[in-house]
Structures are given as structure tokens and as C-alpha cells.
Amino acid sequence: MAERLVQVFSKKQIASRVRELGAMITASYAERPQPLVLVCVLKGSFIFAADLARAIKLSVRVEFLGVRSYEETTSTGVVQITQDLVQPIEDCDVLLVEDIVDTGLTMKHLLGHLGIRQPHSMRVCALLHKPSRSKVELTVDYVGFSIPDLFVVGYGLDISERYRNLPYLAVVEGA
Ligand code: IMP
């Protein structure tokens, strides 16, 4: 069966929600004296993080963390760090920017991995959250959209490295 993309969030809906998230984050960190460290979790959040960074009206530092945990559409439960942060985060306000929190295993692992570096604070911003799939206790501080148990692609998210460059979010039927 041929693959068919079914849009779940349009380019316009995403842009509007990213602006709202940026405003919320700006208000939350406005009183902090130091730059906010945005940790872009690769690869899936590269587009989201680029847009979110521009929607935050504060001084920010951007770091990249490479992570791998999925094979095709299934979480392996094993989180592999493929690229670590370059700069220290000790005493910093850190915001982890993730494309999607599914089982929560990846984010739980990352919070532990970075927590031992003693940041001043650490919060999570995810474009998408699938609460029904959650396997661990986890607070996602800023959520773009909560979705049911669907596998979505586009706006940075992939299926076997495909569809990351779609400007909207979609479900792939027949994959
Ligand atoms: P978790 O560890 O199960 O929360 O999975 C987190 C990672 O799995 C995300 O950062 C994504 O890379 C990937 N992932 C989970 N669900 C989806 C999806 O619906 N589409 C694309 N990637 C997904």
C-alpha cells in the first residue's frame, strides 16, 4: 500500500503555538540574571528549537545534545548519547527542547545525564506529548500539543530519517 500523509497540525497552527510557548518561557525566565541555556535534543527538535529560540525574547545560549533511542517506530528503551554538550551547564538555567515525549524514557534518561552537572534549574519543553504512552513519572513543563497514540512526522520528526523537512505535522498511513 502506498504511503499517504494526513496532516494533524498545519504550519500556521504550529507557528502560533510556538509563539505562545516562547511568550510563556520569556515570562518564566524574565527575572533570571543569566542567559537561558536551550538544549536542543537532536535530531528531532532541530526545527522546533530554531523557531522556539526566536520566539523567546531573552538572552539565550544554544547547545546541542545528540540522542538515539528509536528503531523505525518503536522505542528501544536504550538511550544512546551520540553527541554531548560542548559547554558546561553548572549553575545555569537549562531548558531541554525536545520534539516529542512518548514513553518518557529518553527525557528521564537525559534529565539524569545532565542533572549530575549541577545546573541551577532544569525544565523540559516538548512540542508534542503522548500522555497515554507514558512509562515513567515525568513533568513536561511546556507542551506544544498533547496527542493520542499516533506516530507523527514532519517539522523535524522522522520515520527512518524521512519527512523531517515537511513544514507541517502528519501521520503516515500505510507505513
Ligand atoms: P520516548 O523515549 O519513548 O519518550 O521517545 C522519545 C523519542 O522517540 C523522541 O525524541 C522521538 O525521536 C521518537 N519518537 C517518539 N514518538 C515519535 C513519533 O510519533 N514520531 C517521530 N518520532 C517519535
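Just so it is clear, the structure is predicted and the values come from calculations on it, not from any experiment.

(A) Fine view of the site of the ligand. Residues in contact with the ligand amount to 18 residues; listed here are only the nearest, Asp99, Thr103, Gly104, Thr106 and Val152. The backbone of Asp102 places a nitrogen or oxygen atom 2.9 Å from an oxygen atom of the ligand. Here a nitrogen atom of the ligand sits 2.6 Å away from a polar atom, N or O, in the main chain of Val152. Computed on the free molecule, the ligand has an accessible area of 490 Å², of which 93% lies beneath the protein chains in the complex.

(B) Just the sheet that holds strand β9 (residues 169–173), in detail. Reading across the sheet, the three strands line up as β1-β9-β8 and stay open at both edges, with antiparallel pairing between neighbours. Each edge of the sheet is formed by a strand with only one pairing partner; in this case those strands are β1 (4–9) and β8 (152–153). As judged from the five bridges shared by β1 and β9, these two strands associate in the antiparallel manner. Within β9, the position partnered with Val6 by the bridge is Val171.

(C) Just helix α2 (residues 46–55), in detail. Residues of α2 that are buried: Phe48, Ala49, Leu52 and Ala55. Down the axis of α2, the sector holding all buried residues measures 125°, keeping them to one side. Those residues of α2 hidden inside the fold are in contact with α1 (11–29), β2 (36–42), β5 (93–101) and β6 (121–129).

(D) Fine view of the environment of Val143. Tracing the backbone shows Val143 in strand β7 (residues 142–146). Separated by 22 residues in the primary sequence, Val143 and Asn165 have C-alpha atoms spaced 21 Å apart. Contacts of Val143, omitting those with residues within four sequence positions, involve Arg17, Leu21, Ala126, Leu127 and His129.

(E) Structural detail: the packing of aromatic side chains. Scanning the model with the defined rule gives one aromatic pair in all. Arranged with centres 3.9 Å apart and planes meeting at 15°, the rings of Phe9 and Phe145 form a pair that is stacked. With Phe9 in strand β1 and Phe145 in strand β7, the pair connects residues that are 136 residues apart, well separated along the chain. Using a relative accessible area of 13% as the deciding quantity, one classes Phe145 as buried.

(F) Seen up close, the nonpolar core. Ranked by internal contacts, the top residues of the largest apolar core, which has 28 residues, are Ile25, Phe48, Leu52, Leu95, Cys125, Leu128 and Leu169. Secondary-structure elements contributing two or more residues to this core are α1, β2, α2, β5, β6, β7 and β9. If you tally residues by element for this core, the top one is α1, at five residues. Contacts of Leu128, omitting those with residues within four sequence positions, involve Phe9, Asp99, Ile100, Val101, Phe145, Ile147, Val152, Leu157 and Leu169.

(G) Examining the side chain of Asp93 more closely. Residue placement: Asp93 occurs in strand β5. Here the side chain of Asp93 touches Arg32 through a polar contact of 2.9 Å, side chain to side chain. Here the side chain of Asp93 touches Gln34 through a polar contact of 3.4 Å, side chain to side chain. When neighbours within four sequence positions are excluded, Asp93 is seen to be in contact with Tyr29, Arg32, Gln34, Pro35, Leu36, Val37, His120 and Ser121.

(H) Spotlight on the pattern of salt bridges. One pass over the full model with this rule turns up 13 salt bridges. Among the ionic pairs, Glu3 bridges to Arg162, the shortest N-O distance being 3.1 Å. Taken together, the residues Glu3 in the segment before β1 and Arg162 in the loop between β8 and β9 connect sequence positions 159 residues apart. For Glu3, a relative accessible area of 35% translates into the label partly exposed. The exposure class of Arg162 is partly exposed, given its relative accessible area of 38%. Between Glu63 and Arg61 there is a salt bridge whose closest N-O contact spans 2.8 Å. On the basis of relative accessible area, Glu63 is assigned to the buried category, the value being 5%. In this structure Arg61 comes out as partly exposed when scored by relative accessible area, which is 24%. One network of salt bridges, with partners in common, ties together Lys43, Asp158, Glu161 and Arg164.

Reading the values: rules and limits
Residues numbered from 1 in each chain as written. Predicted model: local features only at pLDDT ≥ 70, side-chain atom pairs only at ≥ 80, totals over all residues. Heavy atoms only, no water. Near = heavy atom within 4 Å. Polar contact = N/O pair within 3.5 Å; in protein donor to acceptor, adjacent residues only side chain to side chain. Areas by Shrake-Rupley, 256 points an atom, 1.4 Å probe, with all protein chains shown as cover. Pairing = 2+ DSSP bridges. Helix = DSSP H or I, 4+ residues; strand = E, 2+ residues; numbered from the N terminus. Buried < 20%, exposed > 50% of the residue type's maximum accessible area, 1.4 Å probe, protein only. Arc of directions from axis to C-beta. Contact = heavy atoms within 4.5 Å. Phe/Tyr/Trp six-rings, centres within 6.5 Å; stacked < 30°, edge-to-face > 60°. Core = buried A, V, L, I, M, F, W, Y, C linked by side-chain atoms within 4.5 Å. Salt bridge = Lys/Arg side-chain N within 4 Å of Asp/Glu carboxyl O.

Function cannot be inferred from these measures alone, as they are strictly geometric.
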